[in-house]
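# Coordinate analysis (summary)
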Amino acid sequence: MKLVSGDKVFVLLVLITVLAGLGIFSSATLGLLARENASVAQDILFQAGVGFGLGAIAFLSARAIPLTFIRRYALLLFVLSLCATALVFVPGLGFNAGGATRWIDIGFTTVQPAEFLKIGFVIMLAALLSSRAHHLKTIRLGLLPFGLVLAVPAAILLAQPNTSTTLLLLATGSAMYFAAGAPLRDFGILFVCAVVALGLVVASRPYVLDRITTFIHPTRDSFGSGYQIQQSLIAVGSGGLFGRGFGQSVEKFNYLPEPDGDSIFAVFAEETGFVGAVLLVLLFLGLVARGIVIAGKARDMFSGLLALGFSFLIGIQVFMNIGAMLGMIPLTGLPLPFISHGGTALVAMLVMCGLILNVAAHRTETT
């Protein structure tokens, strides 16, 4: 089929990841039945129907759209994604949960537009950097435009607040910036700016400082801020080598917060053990590595930065989620790509993969 042509290995890796994610999500969701008397079948069907169903359509659409069209309208797509993300602040439209306003209420469900902002950001940055590749050594034409593209979405996200996604965009954008040929001088400037910005965020957002403190002293407040990480480590550790068995997690029923969301990796590790957890990590590594290979063989810089940006974004988000569940970094609140609850996130991830496949399908063409 022409719509899925381009890189058979990449398509296979995406398909395996999505199907494995649906199975893992189905098992993790069982924990909500006992804790919240939720409709497990409804949650699973919604994830499969909205996330996988619409995601498949989005994947094929992203594969079919000409890359020249995407590059031409990069700024418009970026602005639209910014406006959609800002809609969460409209009274009666924005939905607040857990002290954050990150969702739009559309009646039968909620949508998190920041997921699509990730796409608009990478597209915009790929277009900007590819058009200014020979001028990146100058601060006026290189660092300042890059900083502006990063600062606008960061301001909107921090106002929600959504610090974790802001950090994700910063890391992804920096990888793209230096891959495009930016001088090492700018690395030092960006590092200083990032440290200062993080300090301001920590000073103004007590919950960020709390997460950092909990990371340093995870046993300081076992029934408060340290509860999730401790239960996560218990779940991962109790899985042993081969796990308790699929669907047999104990932590997801009574103890682990967000078993179908942020903590889903811990549930999976408990049920499949060290072996299953390693296989899942290797699957993600294979997907990201294949995306980077596609980027390296792209027909032009825009296409290469597009595939590289999405590959890095997926890989960094995987690391931030799993790393937090293993106590390697502070808790972030980011979902595990393709697996955690959230139809919007799954659709957005499949759009990214569709665009990577689009790059692969045209890598032998000349510009």
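Above this text you will find the structure in question.
Our subject in this report is the structure included herewith.

With that settled, consider the overall build of the protein chain. The number of helices and strands found in the protein chain is 14 helices and 3 strands. Its C-alpha atoms give the protein chain a radius of gyration of 20 Å, near enough to 21 Å, the size a compact globule of 367 residues would have. Looking at the 367 residues of the protein chain, the share that counts as buried comes to 48%. Within the protein chain, counting contacts between residues at least 6 apart in sequence, those at least 24 apart form 73% of the total. As presented, the protein chain carries roughly 16300 Å² of accessible surface, and 71% of it is formed by carbon and sulfur atoms. If you average the places of the 21 positive and of the 16 negative side-chain charges in the protein chain, the two averages end up 15 Å apart.

A separate point is the packing of aromatic side chains. Applying the stated rule across the entire model yields 5 aromatic pairs. Judged by centre distance (4.8 Å) and plane angle (50°), the ring pair of F69 and Y73 falls under tilted. Look at Y73 and you get partly exposed, because its relative accessible area is 35%. Consider the rings of F95 and W103, whose centres lie 6.4 Å apart with planes at 75°: the pair is edge-to-face. Residue classification places F95 among the partly exposed residues on the basis of a relative accessible area of 35%. Three or more aromatic residues joined by ring pairs make a cluster, and in this case those are F146, Y177, F178 and F187.

Summed over the entire model, instances satisfying the criterion amount to 6 salt bridges. A salt bridge links K252 to E271; its shortest N-O distance comes to 2.9 Å. Here K252, found in helix α11 (residues 251–254), pairs with E271, found in helix α12 (residues 264–296); they are 19 residues apart in sequence, far enough to count as distant. Residue class for K252 comes out buried when judged on its relative accessible area of 0%.

When the terminal C-alpha atoms of α12 are compared, their 32 Å separation across 33 residues is substantially less than the 48 Å that a helix rising 1.5 Å per residue should span. For α12, the principal kink sits at G273 and spans about 125°.

Glancing now at the side chain of S249. Looking at the element boundaries, S249 is found in the loop between α10 (227–238) and α11. Looking at S249, its side chain comes within polar contact range of the main-chain nitrogen of E251, at 3.5 Å. With residues up to four places along the chain from it excluded, the contact list for S249 reads R244, V267, E270 and E271.

This part takes up the environment of A159. Mapping A159 onto the fold places it in helix α6 (residues 139–159). When its relative accessible area of 45% is taken as the criterion, A159 is described as partly exposed. Along the sequence, A159 and M320 sit 161 residues apart, while their C-alpha atoms lie 21 Å from each other. Those residues within four positions of A159 in sequence are excluded, and the remaining contacts are F89 and R205.

Within the secondary structure, F312 is located in helix α13 (residues 301–325). F312 sits in the partly exposed class, given a relative accessible area of 31%. With 140 residues separating them along the chain, F312 and T172 place their C-alpha atoms 6.0 Å apart. Not counting residues within four places of it along the chain, the set of residues in contact with F312 comprises T172, A175 and I292.

What follows is about helix α7 (residues 163–179). In this model, α7 (17 residues) spans 24 Å end to end at C-alpha, consistent with the 24 Å of a helix rising 1.5 Å per residue. Those residues of α7 lying buried are T163, S164, T165, T166, L168, L169, T172, G173, S174, M176 and Y177. Close packing links the buried residues of α7 with α5 (114–131), α6, α8 (184–204), α9 (206–216) and α13. Note on α7: the residue one or two positions beyond its end, G181, has a positive phi of about 110°.

What follows deals with the sheet that holds strand β3 (residues 110–111). An order of β1-β2-β3 is seen for the 3 strands of this open sheet, with the pairing classed as antiparallel. Edge strands, defined here as strands with exactly one partner in the open sheet, are β1 (94–97) and β3. The sheet contact formed by β1 and strand β2 (residues 100–105) spans 4 bridges and is antiparallel. Its bridge partner lying in β2, F95 is registered against W103.

Cut-off values and rules
Residues numbered from 1 in each chain as written. Predicted model: local features only at pLDDT ≥ 70, side-chain atom pairs only at ≥ 80, totals over all residues. Heavy atoms only, no water. Helix = DSSP H or I, 4+ residues; strand = E, 2+ residues; numbered from the N terminus. Rg over C-alpha atoms; globule rule 2.2 N^0.38 Å. Buried < 20%, exposed > 50% of the residue type's maximum accessible area, 1.4 Å probe, protein only. Contact = heavy atoms within 4.5 Å. Areas by Shrake-Rupley, 256 points an atom, 1.4 Å probe, with all protein chains shown as cover. Lys, Arg positive; Asp, Glu negative; His and termini not counted. Charge placed at Lys NZ, Arg CZ, Asp CG, Glu CD. Phe/Tyr/Trp six-rings, centres within 6.5 Å; stacked < 30°, edge-to-face > 60°. Salt bridge = Lys/Arg side-chain N within 4 Å of Asp/Glu carboxyl O. Expected span 1.5 Å × (residues − 1). Bend = angle between axes of the 7 residues up to and from the residue. Polar contact = N/O pair within 3.5 Å; in protein donor to acceptor, adjacent residues only side chain to side chain. Pairing = 2+ DSSP bridges.

All we've got here are geometric facts, nothing functional implied.
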